[in-house]
Structures are given as structure tokens and as C-alpha cells.
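Remarks on the overall topology
What follows is the residue order along each chain.
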Amino acid sequence: MTTLTRQDLNFGQVVADILCEFLEVAIHLILYVREVYPSGIFQKRKKYNVPVQMSCHPELNQYIHDTLHCVKPLIEKNDAEKVVVVIMDKEHHPVERFVFEISQPPLLSIRVDNNTSAISDTLLSHVEQLLRAVILKISVCDAVLENNPPGCTFTVLVHTREAATRNMEKVQVIKDFPWIVADEQEVHMQEPRLIPLKTMTSDIVKMQLYVEERAQKAS
């Protein structure tokens, strides 16, 4: 067992790659399961060795891709505390918030491949198994959630540590895709119902997924 810092092995980059790939699959699946878009724009794919639904709409896919491309540097520096998928009604009031709480340890006690000084395949395989369990939970979350009103839209919010927030305006990862401060109504919900979905714990990252659901959804 080896104790490493975040700078060793490009650890932050490895975690950011893993989580952004996972979040892309998770966002597509949430939009499908919660019927934000018609089922006809989704195709069945296989990820983490389980079937998932992925959008084949170019503009939607580009928005999700660009969003996560901007999130990635924040995860890499351990500046992202939460990534939130907000589903909103026609009046742009949130009806559901899928909250991914992310934490990374400053020091790691993990096994590394002595030949390549890389995180071992065994550990990466274990993380993939944990992420698979989260995906499976998302795929059946409609069983514990009320139906959403028609005409919903969505957005993605990132909650950052205070120091990162001060620097975000200076860093524009993609031209014409700047970070903006979220509207207050997108961030807060009146007395939401809290539904825990899944918690995963590994040596390199911990994540908790829960849903905040508005009590009265009819619009």
C-alpha cells in the first residue's frame, strides 16, 4: 500500500476523467427516465456493462458535452463540491434537483502499478463497479419520484469551493460558453422532499447522490 498526494500520478486528472465520463451517462439517463425529452431521441447503449439510454440529438449532446468540459478542470483541482441536474417546469421553477456530492481525499493509500506508477486496474475496476450501481439506481428512480408536469426543461449547476468561485470568471474553458451565477430560483426549492438514491465510497473518490423533489409539482 502506498500513500500518495493529489499531485502524484496526475490523480486529479484521472478522477476528473472518470467522473465526467460517468456524469455524461448519468445526465442522459436522468433526462430519459424523468421524460424531460421524448423517448424517441434516445438510443440504448451499453456502459459500465449495463444498458443505458443516450440522446442522439446533436444540440443536446453538445450542451452536455460542453458543460462537462467546463466542469472537468474544477473536479481536477478538487474545487467542485456538487454537480446538480435541475429539472424545471414551464415557469423555470425547479421540480427536481439530482445532486451529486463529490469529495476527494487529499492523501491516498492505494495500490499502484510499480511498472507504470499508475493507479492499479483493480482499483479502477472497483470504481467502475460502484459507478455501475449508481447508474442502475438512476434507471429505476422513477419508482420513488412523482411524475413531473409536461414541458419541463433542465440545466446543470456546479457548486464550487469559495476560492474557486472567485477565479471562475477569469477562466473560460470554451469560447462563448461562460460560467454565470445561477438564478436564486434554480438553486433553492421550498421545503423539498429529500430522497437518497446511492452513496459510493472508494479510495480515490466518494460520491453521494440524492434528489430534492418539490412537494407540489402540478403547474
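Please refer to the structure placed before this passage.
Residues numbered from 1 in each chain as written. Predicted model: local features only at pLDDT ≥ 70, side-chain atom pairs only at ≥ 80, totals over all residues. Heavy atoms only, no water.

Taken together, the 8 bridges between strand 10 (residues 193-201) and strand 11 (residues 206-213) define a ladder with antiparallel strand orientation. Note on strand 11: the bridge partner recorded for Thr199 is Gln208. With antiparallel pairing between neighbouring strands as the criterion, strand 10 and strand 11 make up a hairpin whose turn holds 4 residues. (Pairing = 2+ DSSP bridges. Helix = DSSP H or I, 4+ residues; strand = E, 2+ residues; numbered from the N terminus.)

This brings us to the environment of Lys137. Following the sequence through the fold, Lys137 ends up in helix 3 (residues 121-139). We classify Lys137 as partly exposed; its relative accessible area is 37%. Taking C-alpha positions, Lys137 is 6.9 Å from Lys198, a pair spaced 61 residues apart along the chain. When neighbours within four sequence positions are excluded, Lys137 is seen to be in contact with Leu197 and Lys198. (Buried < 20%, exposed > 50% of the residue type's maximum accessible area, 1.4 Å probe, protein only. Contact = heavy atoms within 4.5 Å.)

Quick look at the nonpolar core now. Counting 57 residues, the largest nonpolar core has Phe22, Ile75, Phe98, Phe100 and Ile135 as its most contacted members. For this core, the element with the most residues is helix 1 (residues 11-33), which contributes 15 residues. With residues near it in sequence (within four places) discarded, Phe22 still touches Tyr48, Phe100, Leu131, Val134, Ile135 and Met207. Core analysis: the next-biggest nonpolar cluster, separate from the first, contains 6 residues, Val86, Met88, Val99 and Leu157 among them. (Core = buried A, V, L, I, M, F, W, Y, C linked by side-chain atoms within 4.5 Å.)

Let's shift gears to unusual backbone geometry. Backbone geometry at Glu35 places phi at a positive 55°, although glycine is not the residue there. Look at Glu35 and you get exposed, because its relative accessible area is 65%. Here the phi dihedral of His92 falls at roughly 65°; this positive angle occurs in a residue that is not glycine. Counting through the fold element by element, His92 comes out in the loop between strand 4 (80-88) and strand 5 (94-103).

Moving on, we get to the side chain of Ser202. Along the chain, Ser202 falls in the loop between strand 10 and strand 11. Using a relative accessible area of 8% as the deciding quantity, one classes Ser202 as buried. From its side chain, Ser202 meets the backbone oxygen of Val205 in a polar contact 2.8 Å long. If sequence neighbours within four positions are ignored, Ser202 has contacts with His126, Val127 and Leu130. (Polar contact = N/O pair within 3.5 Å; in protein donor to acceptor, adjacent residues only side chain to side chain.)

Along the polypeptide, Leu209 turns up in strand 11. With 108 residues separating them in the primary sequence, Leu209 and Glu101 have C-alpha atoms 6.4 Å apart. Beyond its immediate chain neighbours, meaning those up to four positions away, Leu209 contacts Phe98, Val99, Phe100, Val134, Ile138, Pro196, Leu197 and Lys198.

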